[in-house]
Amino acid sequence: MFIVRDGKVVWSYSIPLHPTPGANQEFDDATLLSNGNVVFSRMSGAGEVTPDKNLVWEYPAPPGTEIHSAQPIGKERVLIMRNGNPAQAMIFNTTTGKSRKKFRFPRQ
């Protein structure tokens, strides 16, 4: 992921494309927060990274699930959508790392 200002890359953060044999990974959502941190989702989870590239919060997707959406709610909460059976929308407090709410979506 890149932050570009005046046509120049001023910051970047990367993840391994193939973290383990047979596994693929990609960035999906990325949102720059007012404090300079970036909230992002990737197939294997979601996280928040500082301008110094320190991962300050991370949610790893359980086996058999994927994360393709992460939306910040203010500075200390994030809403993620986890694909799987069942699919779940989850709100996390990124300061404590704890789940605040979970909404399950039954399979039809």
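Residues numbered from 1 in each chain as written. Predicted model: local features only at pLDDT ≥ 70, side-chain atom pairs only at ≥ 80, totals over all residues. Heavy atoms only, no water.

Just give me the short version of the confidence of the model for the protein, but keep the residues and values in it.
Scored by pLDDT, the protein comes out at a mean of 89, with 94% of its residues at no less than 70. When pLDDT is averaged over each helix and strand of the protein, the minimum, 82, is found for strand β10 (residues 99–105) and the maximum, 96, for strand β2 (residues 8–12). (pLDDT = per-residue confidence, 0-100. Helix = DSSP H or I, 4+ residues; strand = E, 2+ residues; numbered from the N terminus.)

Go over the sheet that holds strand β4 (residues 38–42) with me, naming the residues and quoting the values.
The strands that make up a sheet are held in pairs by hydrogen bonds between backbone atoms, and each pair lies either parallel or antiparallel. The antiparallel open sheet is built from four strands, whose spatial order is β3-β4-β5-β6. Bordering the open sheet on either side are β3 (27–32) and β6 (55–60), each of which pairs with just one other strand. Neighbour-to-neighbour, the strand axes of this sheet turn through a mean angle of 10°, independent of strand direction. Summarising the sheet, β4 and strand β5 (residues 45–49) pair through five bridges and their orientation is antiparallel. Bridge pairing in β5 links Val39 to Glu48. (Pairing = 2+ DSSP bridges. Axes fitted to C-alpha atoms, helices over the stretch in contact; angles between N-to-C directions.)

Tell me what's going on with the nonpolar core, and back it up with residues and numbers.
Counting residues in hydrophobic clusters, the biggest one holds twelve residues: Leu33, Val39, Ala46, Trp57, Tyr59, Ala61, Ile67, Ala70, Val78, Ile80, Met90 and Phe92. Secondary-structure elements contributing two or more residues to this core are β6, β7 (66–73), β8 (77–83) and β9 (87–93). In contact with Tyr59, not counting residues within four places along its chain, are Ser44, Gly45, Ala46, Ile67, Ile80, Arg82, Met90 and Phe92. One finds Met1, Trp11, Tyr13 and Val38 within the second-largest nonpolar core, a separate group that totals eight residues. (Core = buried A, V, L, I, M, F, W, Y, C linked by side-chain atoms within 4.5 Å. Buried < 20%, exposed > 50% of the residue type's maximum accessible area, 1.4 Å probe, protein only. Contact = heavy atoms within 4.5 Å.)

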